[in-house]
Amino acid sequence: MLPWVEKYRPKRLKDIVGQNEAIEQIMKWIEDVRAGKKVKPLLIYGPAGTGKTTAAYAIANELGYDIVEINCADLRDKEKLNRVLGGLGSFSLIEESPRIILFDEVDALPAEGKTISSLLKEILSRGDMPVVMTANDVYEKHMYGIRNLADTVEFKKLGVRDIVKVLSKIATMEKVNLPEEAIKKIASGSDGDLRSAINDLQSLAEGSADLVNYYGKIFGQRDREADIFRVLGSVFSGKYCTRTRFLTSTLDMDQDMFMRWIEENLPIAIKDPPSLSLAYEYVSLADIFRSRIVRTGNWKLMTYINEFLTLGVCSAKSLSKSSGFVKFKFPSIIKELASTKEERAELKDVLRKIAKNTHTSSNVVRREILPLIAALCKRNKDLMRKIARDIGVEEDQLESIIESIKI
Ligand SMILES: Nc1ncnc2c1ncn2[C@@H]1O[C@H](COP(=O)(O)OP(=O)(O)OP(=O)(O)O)[C@@H](O)[C@H]1O
Ligand SMILES: [Mg+2]
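Conventions adopted
- Residues numbered from 1 in each chain as written.
- Chains lettered and ligands numbered in written order.
- Predicted model: local features only at pLDDT ≥ 70, side-chain atom pairs only at ≥ 80, totals over all residues.
- Heavy atoms only, no water.
- Salt bridge = Lys/Arg side-chain N within 4 Å of Asp/Glu carboxyl O.
- Helix = DSSP H or I, 4+ residues; strand = E, 2+ residues; numbered from the N terminus.
- Buried < 20%, exposed > 50% of the residue type's maximum accessible area, 1.4 Å probe, protein only.
- Contact = heavy atoms within 4.5 Å.
- Polar contact = N/O pair within 3.5 Å; in protein donor to acceptor, adjacent residues only side chain to side chain.
- Core = buried A, V, L, I, M, F, W, Y, C linked by side-chain atoms within 4.5 Å.
- Near = heavy atom within 4 Å.
- Areas by Shrake-Rupley, 256 points an atom, 1.4 Å probe, with all protein chains shown as cover.
- Nonpolar A, V, L, I, M, F, W, Y, C, P; charged D, E, K, R; others polar.
- Domains from an automatic or database assignment.
- Lys, Arg positive; Asp, Glu negative; His and termini not counted.
- UniProt positions renumbered as here; feature names shortened; annotations may be inferred.
- Expected span 1.5 Å × (residues − 1).
- Axes fitted to C-alpha atoms, helices over the stretch in contact; angles between N-to-C directions.
- Parallel < 35°, antiparallel > 145°, perpendicular 65-115°, else oblique.
- Left-handed = near helix turned anticlockwise from the far one by under 90°.

S.K.: Quick one: what's the story with the pattern of salt bridges, residue by residue and with numbers?
M.R.: Taken as a whole and assessed by the stated rule, the structure comprises 20 salt bridges. For Asp 287, the salt bridge is made with Arg 290, and the minimal N-O distance between the two is 2.7 Å. Here Arg 290 and Asp 287 lie together in helix H14 (residues 273–296), a separation of 3 residues that amounts to about one turn. The closest approach of N and O atoms between Asp 349 and Arg 352, which form a salt bridge, is 2.9 Å.

S.K.: Account for the environment of Thr 54, with residues named and values stated.
M.R.: Among the structural elements, Thr 54 can be located in helix H3 (residues 52–63). A relative accessible area of 10% places Thr 54 in the buried class. Separated by 42 residues in sequence, Thr 54 and Arg 12 place their C-alpha atoms 8.9 Å apart. Not counting the four nearest positions on each side in its chain, Thr 54 is found in contact with Arg 9, Pro 10 and Ile 16. A polar contact of 2.8 Å, which involves the side chain of Thr 54, links it to the side chain of Arg 9.

S.K.: Please give an account of the nonpolar core that cites residues and values.
M.R.: Across soluble globular proteins, nonpolar side chains show a tendency to be buried alongside one another. Counting residues in each nonpolar core, the largest one holds 27 residues, and the members touching the most others are Phe 236, Ile 262 and Leu 266. Mapped onto this core, the elements with two or more residues apiece are helix H11 (228–235), helix H13 (255–269), H14 and helix H15 (302–318). With residues near it in sequence (within four places) discarded, Leu 266 still touches Phe 236, Leu 276, Ala 279, Tyr 280, Val 283 and Val 313. Counting 22 residues, the second-largest nonpolar core is a separate cluster that includes Ile 26, Leu 42, Ile 59 and Leu 102.

S.K.: How would you explain the site of ligand 1 if you had to name every residue and give the values?
M.R.: Around ligand 1 sit 20 residues, and of these Val 5, Gly 49, Lys 52, Thr 53 and Thr 54 come closest. Contacts to ligand 1 include Arg 195, whose side-chain N or O atom sits 3.0 Å from an oxygen atom. When ligand 1 sits alone it has 630 Å² of accessible area, and the protein chains cover 95% of it. Of all the secondary-structure elements, those providing two or more residues to the shell around ligand 1 are H3 and helix H9 (194–207). Per-class residue counts for the shell around ligand 1 are 10 nonpolar, 6 polar and 4 charged. Counting contributing residues per domain, the shell around ligand 1 is built from domain 1 (4–154) and domain 2 (159–224), each supplying no fewer than three.

S.K.: Tell me what's going on with the side chain of Asp 107, and back it up with residues and numbers.
M.R.: Looking at the secondary structure, you find Asp 107 in the loop between strand S3 (99–104) and helix H5 (114–126). Here Asp 107 occupies a buried position and makes no salt bridge, while the nearest side chain of opposite charge, Lys 300, is found at 7.7 Å. If sequence neighbours within four positions are ignored, Asp 107 has contacts with Thr 134, Ala 135, Asn 136, Asp 137, His 142 and Met 143.

S.K.: I'd like a description of the UniProt feature "binding site: ATP" (unreviewed entry) in the chain, backed by residues and values.
M.R.: As annotated by UniProt and renumbered to match this structure, "binding site: ATP" (unreviewed entry) occupies Gly 46, Pro 47, Ala 48, Gly 49, Thr 50, Gly 51, Lys 52 and Thr 53. Position of Gly 46 among the secondary structure elements: in the loop between strand S1 (42–45) and H3. Judged by its relative accessible area of 5%, Gly 46 is buried. Once residues within four sequence positions are removed from consideration, Gly 46 is found in contact with Lys 52, Ala 135, Asn 136 and Phe 155. Relative to the helices and strands, Pro 47 is located in the loop between S1 and H3. Setting aside anything within four residues of it in sequence, one finds Pro 47 in contact with Lys 52, Asn 136, Phe 155, Lys 156 and Lys 157.

S.K.: I'd like a description of helix H2 (residues 20–34), backed by residues and values.
M.R.: If you check H2, its first and last C-alpha atoms are 21 Å apart, about what 15 residues at 1.5 Å a residue would give, namely 21 Å. A positive backbone phi angle near 80° is found at Gly 36, which sits one or two residues after H2.

S.K.: I'd like to hear about the packing of helix H19 (residues 381–391) against helix H20 (residues 395–404), residue by residue, with values.
M.R.: Two elements in contact, H19 and H20, have axes whose closest approach is 9 Å; the angle formed by their N-to-C orientations is 120°. As the angle between them shows, H19 and H20 are arranged oblique. You can see that H19 and H20 cross each other, and the crossing is right-handed. Of the residues in H20, those touching H19 at Lys 381, Met 384, Arg 385, Ile 387 and Ala 388 are Glu 395, Leu 398, Glu 399, Ile 402 and Glu 403. For the contact of H19 with H20, the per-class residue count stands at 5 nonpolar, no polar and 5 charged.

Below, the structure written as structure tokens:
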């Protein structure tokens, strides 16, 4: 079956939604091409799933030109790149039918390498064939040269209303009977990315007719957020993976907390070792992605975490034979953190006071100074009293912290 993103990809510029300003700019560019003027390459940039590649094809369509697509993400090795770009450089337009060249995802070209940029720049500045480029980010350093040669057109994240419009239209054409609430939920969860919204709609609709009914009921209820126990029940059912994924998207809980719930309940819900180990594998992958987000700030990776925690764990459970009623547990780490909250606050207070007196940070105190104080004071109570007085904390407070430190 044809993916709906392809089936409903607009062929004409006027059918691209939510990008009016950009389309106007593109129309002017097309007029210049039609008038036989020498045009700058067009660089369409913006977030994923907002219609950039679609626009490039629609441009060719409006002009009645063929399109030569070069996907720059595939050109990461130099030889291939030279071959393709070199070939283009010598390609003659005279006896060919008119065509435009599309460099898709041009920001994926390797940043280093003079050959690449000079070859590309040569083609871009020839001006004898219209060139369209697309990119997510044009403000990276290696895009500077290319950006300067081009006419830039910005595509914006799509608004929820536009996405709802497109989804409703597709739902009608495909005879998917989904309540508007569900469509809105998909739209608002897609972060302006229409491709992912259409894909979500399709995976939901293809789940089954029952599924659609089921969501009809959920969204009909006043309390729309699925509670965590229902989500866990679904994850550990090992059956309806797509439903699980969707249900999780309606859960109002931050992802770290959700991961803790899954972690805590894995060994309770999955008993046989092979499936349990597979499920842990998925949770650890989710954790790896979480630290990648922290390191790189790339929030796009967030969606993988959800997939690992829902589809991954659910599919691992589906291999397991164990079943039956499971009583889910509240994550123990959260309980522990709650019960030690006071102690941690005291420790923090002492660390802060020592830090102030020693002109260092609390971290240095925790790592280096506190163990030293503890070693000295464990044998010498007088010294402990003196230090407590000097840094301005109660003796008991310092003593209990010192006692808790293992030397
Ligand atoms: N503005 C839009 N109007 C109508 N449909 C759209 C629009 N944006 C995206 N779509 C739908 O989403 C699909 C993907 O869009 P497209 O490939 O153009 O995204 P893109 O901006 O090139 O994303 P990427 O940066 O990931 O390459 C299209 O096939 C189309 O179905
Ligand atoms: Mg694209």
